[in-house]
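# Observations on the three-dimensional arrangement
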Amino acid sequence: MSTSTTYRRILRRETHSSRSGIAVTLAVLLILVFAWIGTESVLAAVGTAPLLVAPADAASAVLGAAGAPVGALTAIGVVVAIIGLVLIVVSLAPGRRGRRAAGADRTAAVVDDRVIARSLARTASFAGDVHPDRVNVSVGKRVALVEIDPVTGRTADLRSIEEAVRDEISGYDYTPALRPRVKLSKKKGKVGR
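The text that follows walks through the structure, step by step, so that each part is easy to find. As the structure is a prediction and not an experimental result, all values here were calculated from the model.

Before going further, it helps to spend a moment on unusual backbone geometry. A positive phi angle, near 50°, is found at Asp-129, a position not held by glycine. Take Asp-129: its relative accessible area is 54%, and that puts it in the exposed class.

Structure below.
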């Protein structure tokens with residue numbers, strides 16, 4: 001195996017999350033359901049009162065569900081379909097950690113999104129002459145959102161902040177690449193530094 005292939009595998013492992021948490025959760029839920037069904041079956045065979053519902057009563061309720069109102073059956077069907085669709089999407093979509101692969105020829109480098117957010121916040125703070133506490137940055141999969149909360153009576157130069165943030169991001173060689181979005185906060189009446 002070549003070094004570049006190894007680096008690609010390492011970067012993929014560090015920037016994408018596994019689905020083991022969801023798989024373990026579903027497995028535990030299924031184990032609990034089957035343990036409950038088994039316990040109820042044993043209690044019914046012994047002739048003891050059921051914990052929740054006797055298996056015979058549960059089976060007759062399921063078979064009698066066809067006589068339930070159409071609205072209730074439709075609602076149950078929609079809920080089950082949505083749960084199934086969510087599980088299919090979660091199982092097929094790649095998980096993403098808050099990290100990015102950095103361009104490097106002879107090494108595998110990974111940068112956390114929080115580090116990128118701090119760097120962009122500092123850049124926006126200096127460019128807009130705004131206190132660092134007044135800058136909020138969130139880094140998504142493809143967009144870095146920089147939100148400036150200016151002090152009442154002072155106007156932040158949004159154009160210079162956008163230009164500084166764009167220059168900062170253009171200097172990055174991260175995968176996936178980021179697109180900057182700078183906006184002023186809608187909050188009014190902030191007094192302070």
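Another point: the packing of helix H5 (residues 113-128) against helix H6 (residues 158-170). Where H5 meets H6, the axes come as close as 8 Å, and the angle between the chain directions of the two elements is 145°. Where H5 crosses over H6, the two elements pack in a sense that is right-handed. Across the interface between the two elements, Ser-119, Leu-120, Thr-123, Ala-124, Ala-127 and Gly-128 from H5 touch Ser-160, Ile-161, Ala-164, Val-165, Glu-168 and Ile-169 from H6. Split by residue class, the contact of H5 with H6 holds seven nonpolar, four polar and one charged.

Within the open sheet, the three strands sit side by side as E2-E1-E5. Their pairing is antiparallel. Here the strands that pair on one side only, and so sit at the sheet edges, are strand E2 (109-112) and strand E5 (174-175). Relative to E2, strand E1 (residues 99-102) runs antiparallel, the two sharing four bridges. In the strand pairing of E2, Ala-102 is matched with Ala-109. The sheet contacts of H5 involve E1, E2 and E5, and relative to E2 the element is tilted by about 60°.

A cluster of basic residues, Lys-141, Arg-142, Arg-179 and Arg-181, forms a positive patch at the surface. Note on placement: Arg-142 falls in the loop between strand E3 (135-139) and strand E4 (143-148). By relative accessible area, which is 44% here, Arg-142 ends up partly exposed.

Summed over the entire model, instances satisfying the criterion amount to three salt bridges. A salt bridge links Arg-100 to Asp-113; the nearest nitrogen and oxygen atoms lie 3.0 Å apart. One end of the pair, Arg-100, is in strand E1; the other, Asp-113, is in helix H5, and 13 residues separate them in sequence. Across the pair, Asp-113 and Arg-100 agree in class, each one buried. A salt bridge links Arg-134 to Asp-149; the shortest N-O distance between them is 3.7 Å. Placement of Arg-134 in the loop between H5 and E3 and of Asp-149 in the loop between E4 and H6 is noted, with a sequence separation of 15 residues between them. Across the pair, Asp-149 and Arg-134 agree in class, each one buried.

This next bit is on the nonpolar core. Of all hydrophobic cores here, the largest spans 22 residues; its most connected members are Ile-116, Leu-120, Val-135, Val-137, Val-146, Ile-148 and Val-165. Going through the elements one at a time, H5, E3, E4 and H6 are the ones with two or more residues in this core. Top contributing element to this core by residue count: H5, with five residues.

Rules used throughout
Residues numbered from 1 in each chain as written. Predicted model: local features only at pLDDT ≥ 70, side-chain atom pairs only at ≥ 80, totals over all residues. Heavy atoms only, no water. Buried < 20%, exposed > 50% of the residue type's maximum accessible area, 1.4 Å probe, protein only. Axes fitted to C-alpha atoms, helices over the stretch in contact; angles between N-to-C directions. Helix = DSSP H or I, 4+ residues; strand = E, 2+ residues; numbered from the N terminus. Left-handed = near helix turned anticlockwise from the far one by under 90°. Contact = heavy atoms within 4.5 Å. Nonpolar A, V, L, I, M, F, W, Y, C, P; charged D, E, K, R; others polar. Pairing = 2+ DSSP bridges. Patch = residues over 30% accessible without salt bridge, like charges linked within 9 Å, V, L, I, M, F, W, Y side chains within 5 Å. Areas by Shrake-Rupley, 256 points an atom, 1.4 Å probe, with all protein chains shown as cover. Salt bridge = Lys/Arg side-chain N within 4 Å of Asp/Glu carboxyl O. Lys, Arg positive; Asp, Glu negative; His and termini not counted. Charge placed at Lys NZ, Arg CZ, Asp CG, Glu CD. Core = buried A, V, L, I, M, F, W, Y, C linked by side-chain atoms within 4.5 Å.

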